Amino acid sequence: MYYNENTIIYFNGQFVKAAEAKIDLYSQSLHYGYAVFEGIRSYPVNGGTKMFKGNEHYDRLRHSAEVMKIPFSYSTDQLVELTYETLDRNNFTDAYIRPIVLCSPNMSLSKGKESYLAIQAWEWTNGYMSNKMKIMTSTYRRPNADAFHVDAKVSGHYVNSILACQEAKDNGFDEALVLDSNGFVAESSGANIFYENDGVLYTAPKGNILPGITRATIIDICNELSIPVEEKLFTPSAMRGADAGFFCGTAAEVVALSSLDNVPFKKNWEDSLSYIIQQAYKCKVLEKPFRLEQEVA
Ligand code: PMP
């Protein structure tokens, strides 16, 4: 359950009970997937509650609304403040936050006339992901950059994600590796991807991916730890049987992959550079110092 009778959300100018908030069935968002959203994590930090990169997420939300021509006038500072108030009113610390910008009733295909902001949050009880994922190359391709604003987080894009993710599950895998329309590795249904070979990390360049905030954080961590990292186009065959691989995203954090198309990654996860990066990421979100050679409790 995402909410109960006591859960409070911010909705269109006020704090209301989630169970009582309503949207119009004639909303353009519902019919055409014409809405933009974010996924943000908050963590217990120094005895308080802190969003990880809240400003970056809200800058991206505003960018998404802008390129989709959805009217949206909140500033990043306002959005951050409203989110902390939502968390506070629910007494949430370790939480997942889902802001969404919905459009008013409009059955035409012209741009949104008015928008409504909802900020929903729920407690995050998944803990830090420890299972390793078995992934398959999807038969679906990511939305084409000539047809969509792929760098925006738009609700309608996720129909493609559902197809790819469910196809993987139906075939006995945990998740999908989805290619761009040219056959290069793009990302997963809801996370970016890295693989490691001979001491170098590789990830798909911007252009046909949602450029994740976690992906940018991982690149920063690599630079801080002097781990070579390259953004380049590659095919699934370059990744199959590599030393290690992982997905990264706000919700996923850093998730180890065990195999791609049933070909296992070579290294023991705990012996890989990717594992060190996973530990460093964990420290970063919790604002704890990270030292190499030292396991995070
Ligand atoms: N790609 C897709 C398709 C996603 O849905 C997400 C999750 N927002 C990501 C990548 C990772 O983005 P971020 O690190 O900003 O959460």
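Residues numbered from 1 in each chain as written. Predicted model: local features only at pLDDT ≥ 70, side-chain atom pairs only at ≥ 80, totals over all residues. Heavy atoms only, no water.

**Q** Is there a simple way to think about the overall build of the protein chain in this case?
**A** Summing up its helical and strand segments, the protein chain has seven helices and 16 strands in all. Compactness check: the protein chain gives a C-alpha radius of gyration of 19 Å against a globular reference of 19 Å for 297 residues, within 12% of the reference. Scored against the burial criterion, the 297 residues of the protein chain give a buried share of 51%. In the protein chain, once contacts between residues fewer than 6 apart in sequence are set aside, the share between residues at least 24 apart is 68%. In the structure as shown, the protein chain presents an accessible area of about 14,200 Å², 49% of it carried by carbon and sulfur atoms. Taken as two groups, the 28 positive and 36 negative side-chain charges of the protein chain have centres that lie 2 Å from each other. (Helix = DSSP H or I, 4+ residues; strand = E, 2+ residues; numbered from the N terminus. Rg over C-alpha atoms; globule rule 2.2 N^0.38 Å. Buried < 20%, exposed > 50% of the residue type's maximum accessible area, 1.4 Å probe, protein only. Contact = heavy atoms within 4.5 Å. Areas by Shrake-Rupley, 256 points an atom, 1.4 Å probe, with all protein chains shown as cover. Lys, Arg positive; Asp, Glu negative; His and termini not counted. Charge placed at Lys NZ, Arg CZ, Asp CG, Glu CD.)

**Q** Is there a simple way to think about the site of the ligand in this case?
**A** Around the ligand, 15 residues are found, and the nearest of them are K153, Y158, E187, T214 and T250. Within the contact set of the ligand, a nitrogen atom lies 2.8 Å away from a side-chain nitrogen or oxygen of K153. Burial of the ligand by the surrounding chains reaches 95%, relative to a free accessible area of 380 Å². (Near = heavy atom within 4 Å. Polar contact = N/O pair within 3.5 Å; in protein donor to acceptor, adjacent residues only side chain to side chain.)

**Q** Just to check I follow, could you spell out the environment of E5 for this structure?
**A** Note on placement: E5 falls in the segment before strand 1 (8–11). A C-alpha to C-alpha distance of 27 Å links E5 and T250, two positions 245 residues apart in sequence.

Just geometry here; none of it tells us what the structure is for.
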